[in-house]
Amino acid sequence: MKRILLILGMLLLAFLALRACGENPEKSAKNTVKNFIESIREREGKEAVDLLYPPFRDALSQDIKLPIQLTEMKQSELLACLLSSMGEGIKKVRIIDTSKIDDKHVEVIVKVIDKDGIEKIFTFIVIRDEKRWKIASISGIK
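Throughout, a residue's number is its position along its own chain's written sequence, starting from 1. The model is predicted, so local features are restricted to residues of pLDDT at least 70 and side-chain atom pairs to those at 80 or more, both for listing and for counting; the totals for chains, interfaces and linings are taken over all residues. Side-chain figures throughout are based on the complete set of non-hydrogen atoms in the structure, without hydrogens or water.

Colleague: So, the sheet that holds strand 1 (residues 90-102): which residues are in play, and what are the values?
Modeller: Only strands joined by at least two bridges in the DSSP assignment are considered to pair. Numbering goes from the N terminus for both helices and strands, where a helix is a DSSP run of H or I of at least four residues and a strand is a run of E of at least two. In spatial order, the strands read 1-2-3-4; together these four strands make up an open sheet with antiparallel pairing. The open sheet has two edge strands with one neighbour each: strand 1 and strand 4 (133-141). Pairs of neighbouring strands in the sheet enclose a mean axial angle of 25 degrees, with direction left out of account. As judged from the eight bridges shared by strand 3 (residues 119-128) and strand 4, these two strands associate in the antiparallel manner. Within strand 4, the position partnered with Phe124 by the bridge is Ile138. Together, strand 1, strand 2 (105-114), strand 3 and strand 4 form the strand contacts of helix 2 (residues 25-41), whose direction differs from that of strand 1 by roughly 155 degrees. A fitted line through C-alpha atoms represents every axis, and for helices the fit uses only the stretch in contact; the resulting angles, taken between N-to-C directions, go from 0 to 180 degrees. Contacts were defined at the residue level, with two residues in contact if any of their heavy atoms lie within 4.5 Å.

Here is the structure:
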């Protein structure tokens, strides 16, 4: 009985190791960016904020300045509200390219067309933390 459990345990360990090695970082990072943009489009700001790497999220939150604080909201909640309102201006999104920078970083280039037909190109740097891929940087390309 112990031998069977040992064999099953080794098989499970081998399966998990192969699965972890088989992860495609570019695909995973691309899915994170897609989920982020889809959350914004669906006005789900909190879900979008959850996909941001904590230091990046905190930096964005610090940049939000209100003349007076109308309610007792956390900075991340204000960021979620802001992201939710941005979604209504997005008409079309297309992933242009993904490239692996290293084992923990992937660059994803995205084209966004707004409701006025204006095209914008953004570069997302996605980082792998302990559990998942998160967005560590978003910048526009001119």
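Colleague: So what's going on with the pairing of strand 2? Which residues, and what values?
Modeller: The two faces of a sheet get side chains in turn, since along a regular strand they alternate between them. Of all ten residues in strand 2, eight are buried; the element is thus mostly enclosed. Where strand 1 meets strand 2, ten bridges bridge the pair, whose relative direction is antiparallel. The residue bridging Ile90 from the neighbouring strand is Asp114, located in strand 2. Counting the residues that bridge the hairpin from strand 1 to strand 2 gives two residues. Across nine bridges, strand 2 lies against strand 3 in antiparallel orientation. Residue pairing in the sheet places Val108 in a bridge with Phe124 of strand 3. Count of turn residues in the strand 2/strand 3 antiparallel hairpin: four residues, of which Gly117 carries a positive phi of about 85 degrees. Think of it in three bands: residues with accessible area under 20% of the maximum for their type are buried, residues over 50% are exposed, and the middle band is partly exposed, with areas taken using a 1.4 Å probe on protein chains only.

Colleague: I'd like a rundown of helix 5 (residues 75-86), residues and numbers included.
Modeller: Relative to the 16 Å expected for twelve residues at 1.5 Å per residue, helix 5 spans 17 Å between its end C-alpha atoms, a close match to the ideal helical length. Residues of helix 5 that are buried include every one of Leu78, Leu79, Ala80, Leu83 and Ser84, and no others. By definition here, a helix of n residues has an expected span of 1.5 Å times n minus one.

Colleague: Now, about the packing of aromatic side chains: what can you tell me, with residues and values included?
Modeller: Two descriptors summarise a pair of aromatic rings, namely the distance from one centre to the other and the angle between the planes of the rings. A pair of aromatic rings is counted whenever rings of Phe, Tyr or Trp (Trp by its six-membered ring) have centres within 6.5 Å, and the orientation is called stacked for planes under 30 degrees apart, edge-to-face for over 60 and tilted otherwise. Tallying each qualifying case throughout the model produces one aromatic pair. Geometrically, the ring pair formed by Phe36 and Phe124 is edge-to-face, given 6.1 Å between the ring centres and 70 degrees between the ring planes. Placement of the pair is Phe36 in helix 2 and Phe124 in strand 3, with a sequence separation of 88 residues. Residue classification places Phe36 among the buried positions, given a relative accessible area of 5%. By relative accessible area, which is 4% here, Phe124 ends up buried.

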